[in-house]
Structures are given as structure tokens and as C-alpha cells.
Amino acid sequence: MPIDPDAVGASGGPVSRSWTSKDALLYAVGIGAGVDELSFTTENTTDTPQRVFPTFAVIIGGGGTPLGAAGSFNPALMVHGEQGIELFDEIPPDGELESRGRIAAIWDKRNAAVIETESEAVNAATGKPLLRTRSSLFCRGEGGWGGDRGPSGRTAFPDSEPTHQVTYRTREDQALTYRLSGDHNPLHTDPSFAALGGFDRPILHGLCTYGFTGRALLHSLCGGDPARFRSMNARFSRPVIPGDALTVSMWADAGKSIFRTANQHGDIVIDQGVCTYD
């Protein structure tokens, strides 16, 4: 069936999800962390307890959302539109959480439908809130029923030089590593499937680009301390090709920073970013 705008408000859960130290380490390598980030990439380095990147929330969170209630769409024509995370506590290297989710909104962009979801999770061991995730899916070819187009506000970026700027280069096989954290969408690995979506070659997972960006924010704004990281929201504006260089520009002020990420050609690939931190 087509997209059902009456699905807004549908909820689901609780859904349990557990993870291990190895899962967190694999995610860290999947978003490009290496030998200069041993607290995230090893669990047995002397005097270096294992920590977890805040953006690991996109791997363990998001459960309970009844996406099927929103109807059907062609997965080859679906791209990730926006992603947000909010941390209420530091994510431990291993643990279990329970999530409940809901369909927060469905917008009619005429040539596409946008499905917004939200999920909240508690630490199963303590019962305390751990994290919240928000995301939007841009489903091409599924709009046109005459519904509300949704909000259109934009963050204004200053003309001044960024407070911080970090460049990371992705590997040509980056998607092959990142997919091991659970996203096996062939759009990121199968050339023939990518062609169905209109791409010349497989593209990098949007959430992998999001993770690279989150690394830059964590080290630049929080001194590498995940306990200081509070939230991160951003819009995916352009696909990234594995092997691209990613430059994250940040304009920080009193616990809040706006940011965006560009590739080596200067094209913005993550836009409208806002991060909060202690």
C-alpha cells in the first residue's frame, strides 16, 4: 500500500537491544577511528578504560518504531533525510536497553514523502533514561496526496571563520566496515542496486558520515570526553562516496555549536547541524 499519513502517532515497543564491547569497538573502526583514539578502539590498553562514541546511539537506539504502519515505499528510492541523537547518560561499553518508538510526522513534499520517527530508550540495568533518537526518511516518488509540506526553517551560518575545523578521509572500503554494525542495505555495496537508485556507484552510509562528523565534534568541542556530549542533529544534503575527504566546520558558543560537513570538492554533505555539550 502507499504511504499512509494517518499513521502519525502510531507507537510500538518496548524492544530490547543488547551490545558488547566488541560491537562498540567495531563501530569505532567503522567511523574511521584509529590508533590515536585507543580509548574507543581498544578495550585492554594500559590505564585507558574503553569509552563509546556518542553516535553509537544510532546503532543501539531507534527501536520500537512501527515503520510498517506508515505504508510501503521503494527502498532503492529511499534516502536518510535527517538524524538526531540526545544523550541522557554516557553509553557504557556493553549493556542492554529498552526502546519505545513512534511515528512523529509524515510530510508531503509533492515529489516525495518524509517520514519522521522518534524513539526513547532506558538502560535496562538501571531503568534510567539513556538516549533518544530522531530520524527522517526521504522516500522519493511517494508524495503528492495534498498533505502538509512540513517546516522549512533553516539555520543561518555566519560569515566568520569556523571556531574549529577537522578533516578526515574515508577509506574506499569504508562501507564494508561500517555495514558490519548492522546496516546491510545494498545501496552501499552493490553497484547494480545503487544504479537502481540513480547512483553511479555505491554510496557511503549516511550514518557513517554522521559518525565521522560526530567524532570531529566530540574531540573539538568536548575534549574527547563522551560524558560532555549532549545532542547532535543534522540534515543529510548530499551523498558521500567512499574515499571522499570530509571536512567538519564548527561555530561554537557557550555549550552550543552549529556545524556542517563538506567533501573535498567543497560540496556540503551534512548541513543544518546543531550540537550541544557541557
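Residues numbered from 1 in each chain as written. Predicted model: local features only at pLDDT ≥ 70, side-chain atom pairs only at ≥ 80, totals over all residues. Heavy atoms only, no water.

1. Remarks on the overall build of the protein chain
Convention followed: What counts as a helix is a DSSP run of H or I of at least four residues, what counts as a strand is a run of E of at least two, and both are numbered from the N terminus. C-alpha atoms define the radius of gyration, and 2.2 Å times the number of residues to the power 0.38 defines the globule rule. Throughout this description, buried means an accessible area under 20% of the type-specific maximum (1.4 Å probe, protein chains only), exposed means over 50%, and partly exposed covers the range between. Contact definition: two residues touch when any of their heavy atoms are within 4.5 Å. Here, Shrake-Rupley sampling with a 1.4 Å probe gives the accessible areas, and only protein chains in the shown set may cover a residue. By the counting rule applied here, Lys and Arg register as positive and Asp and Glu as negative, while His and the ends of each chain are not counted. Charge placement uses NZ in Lys and CZ in Arg. For Asp and Glu, CG and CD serve respectively.
From N to C terminus, the protein chain includes six helices and ten strands. Computed over its C-alpha atoms, the radius of gyration of the protein chain comes to 18 Å, within 12% of the 19 Å expected for a compact globule of 278 residues. With the principal axes as the frame, the protein chain shows a C-alpha extent of 60 × 45 × 40 Å. In the protein chain, which comprises 278 residues, the share counted as buried stands at 47%. Put simply, 74% of the contacts in the protein chain that link residues at least 6 apart link residues at least 24 apart. Summing over all exposed atoms, the protein chain offers an accessible surface of approximately 12,600 Å²; the carbon and sulfur share of this is 49%. Side-chain charges of the protein chain comprise 24 positive and 33 negative groups, with the mean position of each set lying 3 Å from the other.

2. Focus on the pattern of salt bridges
Think of it this way: side chains of opposite charge can pair up when their charged atoms draw near. Stated formally: Between Lys or Arg on one side and Asp or Glu on the other, a salt bridge is scored when a side-chain nitrogen of the former is within 4 Å of a carboxyl oxygen of the latter.
Applying the stated criterion across every chain yields a total of 14 salt bridges. Linking arginine 134 and glutamate 118 is a salt bridge whose minimum nitrogen-to-oxygen distance equals 3.3 Å. Taken together, the residues span a long stretch of sequence, with arginine 134 in strand S5 (residues 129-140) and glutamate 118 in strand S4 (residues 112-123) at a distance of 16 residues. Its salt-bridge partner being aspartate 173, residue arginine 171 comes within 2.8 Å of it at the nearest N-O pair. On the basis of relative accessibility, which here comes to 32%, the residue arginine 171 falls in the partly exposed class. Judged by its relative accessible area of 37%, aspartate 173 is partly exposed.

3. Regarding the sheet that holds strand S1 (residues 11-19)
Where we set the bar: In this scheme, strands are said to pair when DSSP sees at least two bridges between them. Axis definition: a line fitted to C-alpha atoms, limited for helices to the stretch in contact. Angles are taken between N-to-C directions and run from 0 to 180 degrees.
Strand order in the open sheet made by the ten strands is S1-S3-S4-S5-S2-S7-S10-S9-S8-S6, with antiparallel pairing throughout. Here the strands that pair on one side only, and so sit at the sheet edges, are S1 and strand S6 (164-169). Geometrically, the sheet is characterised by an average inter-axis angle of 20° between neighbouring strands, direction not taken into account. Where strand S8 (residues 245-253) and strand S9 (residues 256-262) come together, seven bridges link them in antiparallel fashion.

4. Details of empty space enclosed by the protein
Rules: Note on definitions: the grid is 1 Å and covers protein atoms alone; a cavity is a set of points where a 1.4 Å probe fits but cannot get out; a pocket is an open set with protein on both sides within 12 Å along at least five of seven lines; lining residues have an atom within 4 Å of a point. Grid points are joined across faces, edges and corners, and a volume is the space filled by probe spheres set on the points. For this classification, the nonpolar set comprises Ala, Val, Leu, Ile, Met, Phe, Trp, Tyr, Cys and Pro, the charged set comprises Asp, Glu, Lys and Arg, and every other residue, Gly included, is treated as polar.
The tally for this structure, following the rule as stated, stands at one cavity of 30 Å³ or more. If you add up the space inside the largest cavity, you get close to 30 Å³. For the largest cavity, the full set of lining residues is Val52, Pro54, Leu87, Asp89, Glu90, Ile91 and Pro226. Looking at the lining of the largest cavity residue by residue, the classes come out as five nonpolar, no polar and two charged.

5. Some remarks on helix H1 (residues 21-30)
Side chains that are three or four residues apart share a direction in an α-helix, a result of its 3.6 residues per turn. Within H1 the residues assigned to the buried category are Ser21, Ala24, Leu25, Tyr27, Ala28 and Gly30. Check the buried side of H1 and you find it contacts helix H2 (38-41), helix H3 (57-60), helix H4 (174-178) and helix H6 (206-221). Following H1 by one or two positions, glycine 32 has its phi on the positive side, about 95°.

6. Quick notes on the environment of phenylalanine 73
Within the secondary structure, phenylalanine 73 is located in the loop between H3 and strand S2 (78-87). Between the C-alpha atoms of phenylalanine 73 and alanine 113, which are 40 residues apart in sequence, the distance is 9.3 Å. Residues within four places of phenylalanine 73 in sequence aside, it is in contact with Ile3, Leu67, Met78, Ile115, Leu137, Cys139 and Glu142.

7. Digging into H6
Formally: Helices are assigned an expected span. That span is 1.5 Å times one less than the residue count.
For H6, spanning 16 residues, the distance from its first C-alpha to its last is 22 Å, which sits close to the expected 22 Å at 1.5 Å a residue. Along H6, 13 of the 16 residues are buried, which leaves the element largely enclosed by surrounding structure.

8. Concerning unusual backbone geometry
Each neighbour pair has its own omega, and for glycine 13 with proline 14 the value is 5°, a cis peptide bond. Looking at the element boundaries, proline 14 is found in strand S1. Of note in the backbone geometry, arginine 110 takes a positive phi value of approximately 75° without being a glycine. Residue position: arginine 110 is located in the loop between strand S3 (95-108) and S4. Unusually for a residue other than glycine, glutamine 272 sits at a positive phi of about 55°. Within the secondary structure, glutamine 272 is located in strand S10 (residues 268-277).

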